[in-house]
Amino acid sequence: MNNHTSHDSHGAHGGHGAHGAHGGGRPGGLAVSADGYTLEVDSTILAAGPRRHVGFRVIGPDGQPVTEFVAEHEKDLHFIAVRRDTAGFQHVHPVRDEKGDWSTELDLEPGDWRLFTDIHPAGHDGTLTLGINVAVAGPYDPRPLPEATRTARIGEYGVALDGQLVPGEASELTLTVSRNDRPVTDLEPYLAAYGHLVALRVGDLGYLHVHPEGHPGDGTTAPGPGISFMAVAPSAGTYRLYLDFQHDGVVRTAEFTVHTTEAAPAPVPAHGDHHAHHAHHAHH
């Protein structure tokens, strides 16, 4: 879901067109297998604790582990872990051996978890997000969903959210980063962007990986304090947003709970109701 910045009429960001698979308001990650590709983990039962090893692979249509990927945002593969109650979000970047086996470490508390992999296999016509359930042993203490809020605090950093998620429609979200209540104007590029935003639908963890408008070095995108994204909510409901941003060499994650809002009704054209009916239909 990469729209051009308002200043960029020449499509400098169009090179990420392959991410269209994340667009259209259709969530990814709800299936362990899609288009002949399957996410396979070494074990679906894991031990709790910090820095737990997780091994996995992506099996291709030929039944073999995939070893050729098209890099997206500087990585062959993006890996997301989150507990089913939306706690414990982690965006990590595993390493792969020549056989196609991936390895990473996660901090795991007991409970049911969802693991996602965001990939563009070589020869495939776009990106895929696959998801798999794993169980982490131990006494599970599920947390209630955090209340909807427009601000998040991470130590001395604050992030303010502006904009609305609209079902079935692209809408702009702007996240503004401050430190000790002063605007941060020197955000550092992280994976070829000033921020990465993952949205998960509460209830089934339907996955949306959205990307910012513009990118570092395009001549128009400022390194903060605001980072703007285009996002499409696949349905009405509640979503969890996770923003990764880098400053002073450290990647931090700001979390938000957001409820969708209905789009403003479109003006009724003077020559008929066709467009108004279509706009109404889009809400469903």
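Procedures and definitions
- Residues numbered from 1 in each chain as written.
- Predicted model: local features only at pLDDT ≥ 70, side-chain atom pairs only at ≥ 80, totals over all residues.
- Heavy atoms only, no water.
- Pairing = 2+ DSSP bridges.
- Helix = DSSP H or I, 4+ residues; strand = E, 2+ residues; numbered from the N terminus.
- pLDDT = per-residue confidence, 0-100.
- Contact = heavy atoms within 4.5 Å.
- Phe/Tyr/Trp six-rings, centres within 6.5 Å; stacked < 30°, edge-to-face > 60°.
- Buried < 20%, exposed > 50% of the residue type's maximum accessible area, 1.4 Å probe, protein only.
- Salt bridge = Lys/Arg side-chain N within 4 Å of Asp/Glu carboxyl O.

Asks: Teacher, can you tell me more about the sheet that holds strand β10 (residues 128–136) here?
Replies: Strand pairing in a sheet is mediated by backbone hydrogen bonds. Such pairs are either parallel or antiparallel. Judged by pairing direction, the sheet is mixed, and its five strands sit side by side in the order β3-β10-β9-β5-β6 without closing on themselves. Only two strands of the sheet have a single partner each, and these edge strands are β3 (45–46) and β6 (90–92). As defined by bridge partners, strand β5 (residues 77–83) adjoins strand β9 (residues 111–119) across seven bridges and the pair is classed as antiparallel. Bridge pairing in β9 links His78 to Asp118.

Asks: Looking at this model, I keep getting lost on the confidence of the model for the protein chain. Mind explaining?
Replies: Detail in the predicted coordinates should be disregarded across regions flagged by low pLDDT. With 83% of its residues at a pLDDT of 70 or more, the protein chain has an overall mean of 87. Confidence over residues 1–23 falls short of pLDDT 50; this stretch has 46 contacts with residues more than four positions distant or in other chains. Under a pLDDT of 50 for its full length, residues 272–284 has, in the predicted model, nine contacts with residues more than four places off or in other chains.

Asks: Mind showing me how you'd approach the packing of aromatic side chains here?
Replies: Think of a pair of aromatic rings as described by two things: how far the centres are apart, and how the planes are tilted against each other in angle. As enumerated under the stated definition, the model contains six aromatic pairs in all. Ring centres 4.3 Å apart and planes at 15 degrees place the aromatic pair Phe56 and Phe79 in the stacked group. Note that Phe56 is positioned in strand β4 (residues 49–59) and Phe79 in strand β5, a separation of 23 residues in sequence. Judged by its relative accessible area of 0%, Phe79 falls in the buried class. Ring centres of Phe56 and Trp102 lie 6.2 Å apart, and the angle between their planes is 10 degrees; on these two criteria the pair is classed as stacked. Of the two residues, Phe56 sits in strand β4 while Trp102 sits in strand β8 (residues 102–108), which places them 46 residues apart along the sequence. Pair check on accessibility: Phe56 and Trp102 agree, each one buried.

Asks: I keep staring at the sheet that holds β4 and nothing clicks. Help me out?
Replies: Here we have five strands laid out as an open sheet, ordered β1-β2-β4-β8-β7, and antiparallel in their pairing. At either end of the open sheet lies a strand with only one pairing partner, and these are β1 (33–34) and β7 (95–96). Relative to β8, β7 runs antiparallel, the two sharing two bridges. Paired with Val95 across the strands is Ser103, a residue of β8.

Asks: Would you explain the pattern of salt bridges in this entry?
Replies: Any two side chains of opposite charge can pair, given that their charged atoms come close. This structure, assessed with the given rule, holds 12 salt bridges. For the salt bridge of Asp76 with Arg96, the shortest nitrogen-to-oxygen distance reads 4.0 Å. Separated by 20 residues along the polypeptide, Asp76 in the loop between β4 and β5 and Arg96 in strand β7 bring together distant segments of the chain. Since its relative accessible area comes to 30%, Arg96 is described here as partly exposed. Three or more residues joined by partner-sharing salt bridges are found here, namely Glu40, Asp42, Arg57 and Asp101.

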